[in-house]
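# Coordinates in review
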Amino acid sequence: MMAMVRLLLKERTTALYISGCILRSSTSSSHSEVRRYVVMSFGDGSHGALGLPLAHLSGPGSDSYEPTRVPGLPSDIANVSAGHYHSLALTSQGQVWSWGRNKEFQLGHGLSHVNRHLSNEPKKVEGLNQVKVQSVSASGVISSAVGDDGSLWVWGKSKRGQLGLGKGITEAILPSRVEGLAGERIAKVSLGWGHALAQTEDGKLFGWGYSIDGRLGKFGQNLDNSTSKSTLSTFNKNQEISPSMLDAAEKLVLEDMEKEKDMPVIWEPFLIEEVCGVEVVDMACGLDHSLVLCRDGTLLSGGSDVYGQLGRAKQDEGMFPVEISFPPLSISSGLGHSLAIGQVDTAKRIITWGWNQSSQLGRKGPENLPLPVEGLVEEISISVSGGRAHSMALTSKGEVWVWGSGRNGRLGLGSSNNEGEPTLLDSLEGSVVLQAVAGFDHSLVLVAE
């Protein structure tokens, strides 16, 4: 993706999109045109994840209900990542910027900022001068960067071993290299709340962190899970869930992170047993579950299935095939729902399953079965992203479609209304949108001016 964005910068293309960011191109007639790349944000601003000054925010929670430009960033942003409560941006030169929640040092702003629990002002991440970063990703409590040499760097704080830096290492104020992967060339990283997956360039899959429910495969079953439980199991599957209950669940998660001592934690990266010898082409972590796509088209899932997010009847712990009727091409995950772009007949369609309390599946029908989103039948979707209770997709036309919970303005439609099916984010019409990603309760889009 970074290579394609650099091509965009070099050739001054009007639009160039491919899997999650770039796909279609039409070269500008003016080779002297200099384009700027800006990040826009909307949704919940209470943790600073929007990166907006207070003057740009509205409502009791300091929210933004429409896409608003994030000031203070360089003009060559090439990639963005939305963590649960913080945000990352990567420049074409390989520099990383961050803003939002910083209680766990996930912003990487150095010793002078460790007592600042949030920052709504983007700043450059310190400690990455020795590597040119090519991709970034974020969870609730840590951030990660992959260098162009295949190295993996992490920073933040996690008692669940999500840093992967070794037994008992729970915090890194500045980026630290994951030495357990020093002999590998990492291509992609995905982070849940307490677990992590890393895919190598040659298709191997490593995992580490909190291993309950088989979210890291069979390996975690050898550990004592008796004192642990999935976060989402707090609720009954059919229970009506109010916004206040979601807030209460979030509080429980944070409290559990402080209280849990005897957790089934894998402190360093290990090869996921179920895919040893199989080439992995994509993977994604939800809050408590994992998805793994293999070269032969098999889609595996593991972890919590409280809301049917595993997409399979088999309830055994570990990685097992999702019962999906459409060949998946790429995958993504929200908190408790799963998403894929699959081949349905002759078209590329979005397929969803799992938690649907706020209509984040964007469709009707059985929640635990992977089924196409009918509202996008006329569109060619090239990327899809899920948050806590909302989803968003980018199409080959460069349009952004949103659905699910509208609370705090996270859909960018100017209100807090939920949307039961995909709705065009029309305020971005006419813009060249390169990327659209969902955090827990906020959203980011990368736009070429």
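Note that the coordinates shown come from a computational prediction; the quantities given were computed from them, not determined experimentally.

This part is about the sheet that holds strand β6 (residues 118-124). Within a sheet, adjacent strands bond to each other through the backbone by hydrogen bonds, running parallel or antiparallel. Here we have 4 strands laid out as an open sheet, ordered β3-β4-β5-β6, and antiparallel in their pairing. The sheet is open, and its two borders are formed by β3 (77-82) and β6, each paired with just one other strand. Across the sheet, the mean angle from the axis of one strand to that of its neighbour is 10 degrees, orientation sign disregarded. Two elements, strand β4 (residues 86-91) and strand β5 (residues 96-101), share 5 bridges in a ladder whose sense is antiparallel. Bridging from a neighbouring strand, H86 pairs with G100 of β5.

The tally for this structure, following the rule as stated, stands at 3 aromatic pairs. Between Y85 and F440, the aromatic rings sit 5.7 Å apart at their centres with planes inclined by 85 degrees, giving edge-to-face as the arrangement. Highlighted residues: Y85 in the loop between β3 and β4 and F440 in the loop between β27 (432-438) and β28 (442-448), separated in sequence by 355 residues. Using a relative accessible area of 3% as the deciding quantity, one classes Y85 as buried. Judged by relative accessible area, which is 6%, F440 ranks as buried. With centroids separated by 5.2 Å and ring planes inclined at 35 degrees, the aromatic side chains of Y307 and W355 adopt a geometry described as tilted. Of this pair, Y307 sits in the loop between β17 (299-303) and β18 (320-321) while W355 sits in the loop between β21 (347-354) and β22 (371-372), and the two are 48 residues apart along the sequence. Of the two residues, Y307 and W355, neither departs from the other in class, the shared state being buried. Among the aromatic residues, those joined into a ring-pair cluster are Y85, W193 and F440. Sitting above the plane of the Y210 ring, R160 keeps its charged end 4.3 Å from the centroid. A cation sits over an aromatic face here: K314 above F320, 4.9 Å from the ring centre.

Among the 7 residues of β27, 7 are classified as buried, and the element is accordingly described as predominantly covered. Relative to β28, β27 runs antiparallel, the two sharing 6 bridges. Across the sheet, A438 pairs through a bridge with S443, a residue of β28. The antiparallel hairpin formed by β27 and β28 contains 3 residues in its connecting segment.

Another aspect to go through is the sheet that holds strand β14 (residues 265-271). Strand order in this open sheet of 4 strands is β11-β12-β13-β14, and the pairing throughout is antiparallel. The open sheet has two edge strands, β11 (186-191) and β14, and neither has a second partner. With strand direction ignored, the average angle separating the axes of adjacent strands in the sheet is 10 degrees. Of the strand pairs in this sheet, strand β12 (residues 195-200) and strand β13 (residues 205-210) are connected by 5 bridges, and their pairing is antiparallel. Pairing of A196 across the sheet is with W208, part of β13.

Rules and cut-offs
- Each chain carries its own residue numbering, running from 1 in the direction its sequence is written.
- The predicted nature of this model means local features are confined to residues of pLDDT at least 70 and side-chain atom pairs, given and counted, to a pLDDT of 80 or more, with totals for whole chains, interfaces and linings taken over all residues.
- For the side-chain quantities, the full set of heavy atoms in the structure was used; hydrogens and water were omitted.
- Any two strands with at least two DSSP bridges between them are considered paired.
- Strands here are runs of E lasting at least two residues and helices are runs of H or I lasting at least four, both read from the DSSP assignment and numbered beginning at the N terminus.
- Angles here are taken between N-to-C directions and fall from 0 to 180 degrees, while the axes themselves are lines fitted to C-alpha atoms, restricted in helices to the stretch in contact.
- Two rings from Phe, Tyr or Trp (for Trp, the six-membered ring) form a pair when their centres sit within 6.5 Å of each other. Planes less than 30 degrees apart are called stacked, planes more than 60 degrees apart edge-to-face, and all others tilted.
- Note on classification: 1.4 Å probe, protein chains only; a residue is buried when its accessible area is under 20% of the maximum for its type, exposed when over 50%, partly exposed between these limits.
- The criterion for a charge sitting over a ring is simple: Lys NZ or Arg CZ within 6 Å of the ring centre, and within 35 degrees of the ring normal.

These figures capture arrangement, not role.
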